[in-house]
Amino acid sequence: MGDNVNNVPILDIPVNKRILKLSEQFYNDFGCKPSYYVRVPGRVNIIGEHIDYCGYPVLPMALEQDILMAANIIDEPILYLRNADNKYKSVDIKINTQEVDITPDLNGKPYWYNYILCGIKGAMEHLNSNEWKGLQLYVDGNIPPASGLSSSSALVSAACLAFLYAQNGTLDKTEIASLCAKSERYIGTQGGGMDQAIAFLAKKYSAQYITFQPLNAAPVALPEDAAFVVAHSLAEANKAATNDFNRRVIECRLAAKIIAKLSGLTCEGKILTLSQLQRNLNNNLEEMIELVLKYIPQEIYTKKEICDILNMKEAEIDQIFLTSNTKHLTEFKLKQRALHVYQEAQRVEEFRKICSQSELSHNTMNGATNGSGNGYLNSNNSDLLLALGKLMSESHESLKTLYECSHENLDHLVNISQKFDINSRLTGAGWGGCIVALCPKEKVEQYIELLKDEFYVKYCKLDKKSADSYVFATTPNHGALIYKNL
Ligand code: ADP
Ligand code: NG1
Ligand code: MG
C-alpha cells in the first residue's frame, strides 16, 4: 500500500494479549501464523443523525472498540472466514469471478459474513480483475453488534482493506472510505457514508466534522472537562434485516423531489437529496424549514397522492426512488422526516460553531494555537457544556418524535440521564442500540453508577456486575490501521 501519508498507516505488529490470542486461534485453525492484521474502529456519532444520506455534515468520533482481523494471503482464490465468537459460524467461499452472493437468510437477515463479502465485492469491482489471491481471515470484534456503534461498517471496511492489501491495491484513506460506503450498500441499506468515513479518517483526541461530496474530515476540539459516555439500551437492531432504515431514506428523497417540483426548480429531475435541493434553491436551512411547512404540510402522503403531485406513474416512482424493500409501502411521512433533517443539520452547525468559538477565544486568551495542545478544548466552562448538551437533547427529541427511530429503552436511558442533569441522545441509526451522553468529567463515575442502578438493575433486572460491559466513557480514537512485521 505504499507509505503515502494519506494511505492507511502500516505499523509493526503490537505485542499484546489480544493479538497473541488471535494469532494462536489463527494458527490452530489454519496451521500457520497470520501475515498481517487490519484494525478498524467503531464510532459514536456525537450529533448529526440520519442526515449523512441527505448530504449533510455529521460529527462522529472513533471508538477504542474495533474489528481486528488476522489475515494470510493464499494462492487459491478461496476465502476462509472464521470468527473468534463461535456464534458466527465458519464458512469457505470460492471467488473465481467478481460475482459475489450476498443473499440474506430466509428471514431477510444478513449472514455475518455477508458484511465481509460486501467489502470484498467492492474491492473486486474497484480492482476490476478476474484473478484473485485468496485469504484466510480470522475476525475478532469487540464493538457491540447491531447497537448504533457501527460494527457493520468496521467489518465491511476491515474486509475491504484486507482484500485490497492482499491484491496489492493502493488507495488513500478518503478513496477507501468512499469505496467502503458504496460496498456496504450491497447489504441492502442506503447509508450515507459517515461510518466508513470516520473509520478511516478519524484522529486521536478530536471528533471529526465530516462533509460529503467531496468527502472531507476536519477535526473538532471537544471540551476537555467533558466526557462522552455510551450506554447500551439492551435492545439490538440489525438495520439490514428490516426496512425501517431504507424507509427513512426514501421518505427524504420523496420530500426533496416534491419540494423541488412545487417550488418550480428547473433542474427538478436531478434532485435526489434534501441538501441538493437546498443548494439548488440557494436557501439557508431556516428557509428550507419554511418550504417544508409550505409544500409538504400533510401528516401522511399516500403513494397515489405522491404520484399525482409529481405527475409520475407508480412504476416510475418505484424505479427512481424506492428500494426493493420499500416498493410495497403505500404511505409516507415526508414533513416530519424533512423537518428533522434540516433542523438536525442546523444543530450540527451550531455544535461545531460553539466548539470552534470556544477554541478560538481560549487560544486568543492564551496566545496558544491549539488549546491544551492535545486537541481538546480547555474550556472549564459549564455554559459551554450546557449549550452543547441542549443540542444533543433536542436531537434526541427530534429522532424520537419526528424521525420515529427511538426505542422505549433508549428513551428511558435519556430520561434517567435528564433527571441527573445530563443531556444525551440516541446514537447511530436507532430502533435500539446506544445513547451517547455529554457528562462533566467530575460526574462520570456517579453518572455511570446511576445508570447501572436505575437502568440496568432496576429497569432491566440485570445484576450490577454484568452492567459493567454495557456502559463506558470514551475518548476519540484514531482510524484504521494495518499491522505487519516491518
Ligand atoms: P451496527 O449499528 O452495529 O452497525 P448493523 O445492523 O449495521 O449494526 O450491523 C450489525 C451486524 O454486523 C450484526 O448483526 C452482524 O451480522 C455483523 N457483525 C457485527 N460485529 C460482528 C463481529 N464481531 N463478527 C461478525 N459479525 C459482526
Ligand atoms: P449504524 O447505526 O451504524 O448502522 C447507520 C448508517 C449511517 C447513518 C446512521 C444514522 C450505514 C452503514 N450506516 O448507522 O450512514 O445514516 O445510521 O445517522 O448505513
Ligand atoms: Mg451499521
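Residues numbered from 1 in each chain as written. Chains lettered and ligands numbered in written order. Predicted model: local features only at pLDDT ≥ 70, side-chain atom pairs only at ≥ 80, totals over all residues. Heavy atoms only, no water.

With respect to the UniProt feature "domain: GHMP kinase N-terminal" (unreviewed entry) in the protein
Sequence positions flagged by UniProt for "domain: GHMP kinase N-terminal" (unreviewed entry) are, in local numbering, residues 114-201. Helix makes up 57% of residues 114-201 and strand 9%. Its end C-alpha atoms lie 24 Å apart. (UniProt positions renumbered as here; feature names shortened; annotations may be inferred. Helix = DSSP H or I, 4+ residues; strand = E, 2+ residues; numbered from the N terminus.)

Some thoughts on the site of ligand 1
Looking at ligand 1, there are 18 residues lining it, with Asn83, Gly148, Ser151, Ser152 and Lys239 nearest. Contacts to ligand 1 include Ser152, whose side-chain N or O atom sits 2.9 Å from an oxygen atom. Lys239 is positioned with one of its side-chain polar atoms (N or O) 2.8 Å from an oxygen atom of ligand 1. When the free accessible area of ligand 1 is taken as 570 Å², the share hidden by the protein chains comes to 93%. Here the residues of the shell around ligand 1 sort into nine nonpolar, eight polar and one charged. (Near = heavy atom within 4 Å. Polar contact = N/O pair within 3.5 Å; in protein donor to acceptor, adjacent residues only side chain to side chain. Areas by Shrake-Rupley, 256 points an atom, 1.4 Å probe, with all protein chains shown as cover. Nonpolar A, V, L, I, M, F, W, Y, C, P; charged D, E, K, R; others polar.)

Structural notes on the packing of aromatic side chains
Following the criterion strictly, the structure yields 13 aromatic pairs and no others. With a centroid separation of 6.2 Å and 85° between ring planes, the pair formed by Trp112 and Tyr113 is classed as edge-to-face. No difference in accessibility class separates Trp112 from Tyr113, as the two residues are buried. On the basis of an interplanar angle of 10° and a centroid distance of 6.2 Å, the ring pair of Phe420 and Tyr447 is categorised as stacked. A residue pair is termed long-range when its members are at least 10 positions apart, and Phe420 in the loop between α13 (408-419) and β12 (423-427) and Tyr447 in helix α14 (residues 444-459) qualify at 27 residues. Assigned by exposure class, Phe420 and Tyr447 land together as buried. One aromatic cluster in this structure is built from Tyr88, Tyr111, Trp112 and Tyr113. One cation-aromatic arrangement involves Lys204 over Tyr205; the distance from NZ or CZ to the ring centre is 5.7 Å. The cationic tip of Lys443 hangs over the ring face of Phe420; the distance from NZ or CZ to the ring centre is 4.7 Å. (Phe/Tyr/Trp six-rings, centres within 6.5 Å; stacked < 30°, edge-to-face > 60°. Buried < 20%, exposed > 50% of the residue type's maximum accessible area, 1.4 Å probe, protein only. Lys NZ or Arg CZ within 6 Å of the ring centre and 35° of its normal.)

Overview of the site of ligand 2
Near ligand 2, the surroundings consist of 19 residues, among which Glu49, His50, Asp52, Asp195 and Ala429 are the closest. The separation between an oxygen atom of ligand 2 and a polar side-chain atom of Asp52 is 2.6 Å. In this structure, Asp195 approaches ligand 2 through a side-chain N or O atom, which is 2.7 Å from a nitrogen atom. Considered on its own, ligand 2 offers 440 Å² of accessible surface; in the complex 96% of this is hidden by protein.

As for unusual backbone geometry
With an omega of 0°, the peptide bond between Gln213 and Pro214 qualifies as cis. As for its placement among the helices and strands, Pro214 is situated in the loop between β7 (207-211) and β8 (216-220). If you check the backbone angles, His50 has positive phi at about 60° while not being a glycine. For Tyr205, which is not a glycine, the phi torsion comes out positive at approximately 80°.

Here's the deal with the sheet that holds β12
The antiparallel open sheet is built from four strands, whose spatial order is β12-β13-β9-β14. Each edge of the open sheet is held by one strand with a lone partner, namely β12 and β14 (471-474). Taking each pair of neighbouring strands and ignoring which way they run, the sheet shows an average axis angle of 25°. Taken together, the five bridges between β12 and strand β13 (residues 434-440) define a ladder with antiparallel strand orientation. (Pairing = 2+ DSSP bridges. Axes fitted to C-alpha atoms, helices over the stretch in contact; angles between N-to-C directions.)

What to know about the sheet that holds strand β2 (residues 36-47)
Strand order in the open sheet made by the seven strands is β1-β15-β2-β3-β6-β4-β5, with mixed pairing throughout. Both outer strands of the open sheet, β1 (10-11) and β5 (91-94), are each paired with one neighbouring strand and no more. Sheet analysis places β2 next to strand β15 (residues 481-484), joined by four bridges and oriented antiparallel. Counterpart to Tyr37 in the pairing with β15 is Tyr483. Against the sheet, helix α2 (residues 112-127) touches β3 (59-74), β4 (78-83), β5 and β6 (134-141), its axis set at about 140° to β4. Docked against the sheet, helix α3 (residues 151-166) engages β1, β2, β3, β6 and β15, running at close to 150° with respect to β2. (Contact = heavy atoms within 4.5 Å.)

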